[in-house]
Amino acid sequence: MVITPRVGILGVGQRGLQHLAALWRLQEMGLVRVTALGDMYPPNLEEAKIRRHVPSYRQGQIRCHTAFESLIVDGELDALYVCIPPNRHNGEVVQAADRGLDLFVEKPMSLRLDEALAMDAAIARNGVLAAVGFQQRYDGWHAAVREFLSEKRIVMATMVHTGSVESHNEKHTPTEALGGPASRVWTAFQEWSGSSAVEAGIHQTDLMRYWCGEIESVQARYVARDAPLVETEGDNPMAYSVTYAFANGAVGHLIMSRLARVFHQEDYLHVLWDHGHLSIESHGPVAFYYEGAYPPPSTPPTESLQHPLCTADRGDSTLEINRAFVEAVSRKDPSPIRSPFRDALHSLAAVLGANASSERDGERVFLADLLENPD
Ligand SMILES: NC(=O)c1ccc[n+]([C@@H]2O[C@H](COP(=O)([O-])OP(=O)(O)OC[C@H]3O[C@@H](n4cnc5c(N)ncnc54)[C@H](O)[C@@H]3O)[C@@H](O)[C@H]2O)c1
């Protein structure tokens, strides 16, 4: 049986609004119905405020709830999106799964692995579908890279993300009323975000797993922010160096920074296999390898070594991850979901493991041990 799913969103902040915009487009195509919104902070449910971010939004019959219980009891829902800061979870995912709702949970699903494992157990015992918000898996370029690398002997992946304190996005949680930062930029603070490696680096980590396979262990060192800077810049580290060991023998590097007074960001995504390099260039992914008789009589011209992977548009990954989830719910079929909750647990364990390693002066942390003994 195919249904037109009725969905609700818990947490109508930055990410909840982005999902609402995507779901609104899918609703206009007749693929889904948004029936309920929930947020602890009433101003975030006001139609005029939502329309500043999603201009075509009309509240109409949509029910708005400030209490979670009334959202899942009265919401007339088949599925729920959970888009609240990762330190604010209080059993919502477990309760929604116990009511049989399919779930879309934003990354990082929690800052505590034991809490994320309890979510996973509830999802499994209720047989509900569950996706995590790793939309990078739906980027057309990234999907082409995965396909290209699928048969290769990968030896190294390197992802560099140098960000700035200024590039933290506008947030909507009233953190000042919850013992958090007055600025509302909760992503700059460890208690709320885990660290930038957890909050942001989980995307690059998940992409490495999508391309290179399972991560076995992690070692990390962070450079703490100097105390006088914390008040204006937040207390997350300034720089992160994370090394992953993959089950297939490859090594991975996640190198990140969050510095103030920079206003500038750079990204570098690079993978090596036994006989070639691949990098994401401004115009798309390009592989560099030689494919003639070996050894060649002379060094081949550089142009002959460059192989652009695809010229296709990379698409709107947030729209596509929503389309996939809605399709999965409508058919009660998990196959369109590229980031199932159980799989996403390993990306979460990797970045929480990086935090744990950094706290232990770079000690090697095995993810299987973490998932066995999350305490
Ligand atoms: N996939 C991505 O690219 C992406 C991008 C941004 C954010 N996120 C993730 O989405 C989640 C939400 O982040 P955000 O940027 O939308 O934050 P935000 O602060 O902008 O919005 C969170 C919303 O949830 C509400 N809220 C907070 N706690 C609540 C609770 N216990 N019950 C009900 N409502 C509650 C707040 O009032 C706010 O409206 C985070 O886990 C974040 O990491 C993912």
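Here is what the cut-offs are and how they apply
- Residues numbered from 1 in each chain as written.
- Predicted model: local features only at pLDDT ≥ 70, side-chain atom pairs only at ≥ 80, totals over all residues.
- Near = placed C-beta within 6 Å.
- Helix = DSSP H or I, 4+ residues; strand = E, 2+ residues; numbered from the N terminus.
- Nonpolar A, V, L, I, M, F, W, Y, C, P; charged D, E, K, R; others polar.
- Domains from an automatic or database assignment.
- Contact = placed C-beta atoms within 7 Å.
- Expected span 1.5 Å × (residues − 1).
- Buried ≥ 20, exposed ≤ 12 C-beta atoms within 10 Å, placed from the backbone.
- Pairing = 2+ DSSP bridges.
- Axes fitted to C-alpha atoms, helices over the stretch in contact; angles between N-to-C directions.
- Right-handed = clockwise from strand over helix to strand, strands pointing away.
- Core = buried A, V, L, I, M, F, W, Y, C linked by C-beta atoms within 7 Å.

*Asks:* What should I look at first to understand the site of the ligand in this one?
*Replies:* Around the ligand, the surrounding shell holds 26 residues, and the nearest of these are Gly 11, Gly 13, Gln 14, Glu 106 and Thr 173. The element contributing the most residues to the shell around the ligand is helix 1 (residues 14-28), with three residues. When its residues are assigned to classes, the shell around the ligand shows nine nonpolar, ten polar and seven charged. Lining the shell around the ligand are residues from two domains, each supplying at least three of them: domain 1 (6-136 + 319-340) and domain 2 (137-315 + 347-372).

*Asks:* Is there a simple way to think about the domain arrangement of the chain in this case?
*Replies:* Think of interface size as the accessible area that goes away when the parts come together; that is how it is often given. When cut into domains, the chain gives domain 1 (6-136 + 319-340) and domain 2 (137-315 + 347-372). Computed from C-alpha coordinates alone, the two centres of domain 1 and domain 2 are separated by 26 Å. Taken together, the contacts link 21 residues of domain 1 with 26 residues of domain 2. Ranked by the residues each element gives to the side of domain 1 that touches domain 2, the list is headed by helix 12 (residues 317-331), at three residues.

*Asks:* Can you help me understand helix 5 (residues 113-126) in this one?
*Replies:* Spacing of three or four residues puts side chains on the same side of an α-helix, whose turn is 3.6 residues. Compared with an ideal rise of 1.5 Å per residue, which puts 14 residues at 20 Å, helix 5 spans 20 Å between its outermost C-alpha atoms and is within 8% of the ideal. Residues of helix 5 that are buried: Leu 113, Ala 116, Met 119, Asp 120, Ala 122 and Ile 123. Lining the buried residues of helix 5 we find helix 4 (92-98), strand 5 (102-105), strand 6 (130-132), helix 13 (341-359) and helix 14 (367-372). One or two residues past the end of helix 5 sits Gly 127, with phi positive at roughly 60°.

*Asks:* I would appreciate a short explanation of unusual backbone geometry in the present structure.
*Replies:* Among all residues except glycine, the phi angle is most often negative; among peptide bonds, the trans geometry is most common. For the bond from Lys 107 to Pro 108, the omega torsion is -25°, close enough to zero to count as cis. By secondary structure assignment, the location of Pro 108 is in the loop between strand 5 and helix 5. Across the junction of Tyr 294 and Pro 295, the peptide omega takes the value 0°, indicating a cis bond. With respect to the helices and strands, the residue Pro 295 is situated in the loop between strand 13 (284-288) and helix 11 (302-305).

*Asks:* Sorry, what's going on with the sheet that holds strand 4 (residues 79-82) here?
*Replies:* Within a sheet, neighbouring strands are paired by backbone hydrogen bonds and run either parallel or antiparallel to one another. The six strands are arranged 3-2-1-4-5-6 in an open sheet whose pairing can be described as parallel. Lying at the two open borders of the sheet, with one neighbouring strand each, are strand 3 (63-65) and strand 6. Going across the sheet, the axis of each strand differs from the next one's by a mean of 20°, ignoring polarity. Across three bridges, strand 2 (residues 33-38) lies against strand 3 in parallel orientation. When the sheet's bridge partners are listed, Ala 36 is paired in strand 3 with Arg 63.

*Asks:* How should the pairing of strand 5 be read in this particular structure?
*Replies:* Each regular strand displays side chains that alternate between the two surfaces of the sheet. Burial along strand 5 is two-sided: Asp 102 and Phe 104 facing one way and Leu 103 and Val 105 facing the other are all buried. Both strand 4 and strand 5 contribute to a ladder of four bridges, which runs parallel. Following the sheet pairing, Leu 80 is matched in strand 5 by Leu 103. Crossover connection from strand 4 via helix 4 to parallel strand 5: handedness right-handed. Looking at chain direction, strand 5 and strand 6 are connected through three bridges and run parallel. Within the sheet, the bridge partner assigned to Phe 104 lies in strand 6 and is Ala 131. At this point the chain moves from strand 5, through helix 5, to the parallel strand 6, and the crossover so formed is right-handed.

*Asks:* Would you mind showing me how to read the environment of Val 329 here?
*Replies:* Positionally, Val 329 belongs in helix 12. For the pair Val 329 and Asp 78, spaced 251 residues apart in sequence, the C-alpha to C-alpha distance is 7.8 Å.

*Asks:* Would you mind showing me how to read helix 6 (residues 140-149) here?
*Replies:* Looking only at helix 6, the buried set comprises Trp 141, His 142, Ala 143, Val 145 and Leu 149. Among the structural elements, strand 7 (154-164), helix 9 (201-212), strand 11 (266-273), strand 12 (276-281) and strand 13 are those in contact with the buried residues of helix 6.

*Asks:* Any chance you could explain the nonpolar core here in plain terms?
*Replies:* Nonpolar side chains in soluble globular proteins generally cluster together in the buried interior. Membership of the largest hydrophobic core comes to 93 residues, with the highest contact counts inside it found for Leu 80 and Leu 103. If you tally residues by element for this core, the top one is helix 13, at eight residues. When we break this core down by domain, the ones giving at least three residues each are domain 1 (6-136 + 319-340) and domain 2 (137-315 + 347-372). Apart from residues no more than four positions distant in its own chain, Leu 80 is found in contact with Gly 8, Leu 10, Ile 72, Ala 96, Leu 101 and Leu 103. The next biggest cluster of nonpolar side chains, apart from the first, holds six residues, and it includes Trp 186, Ala 188, Phe 189 and Trp 192.

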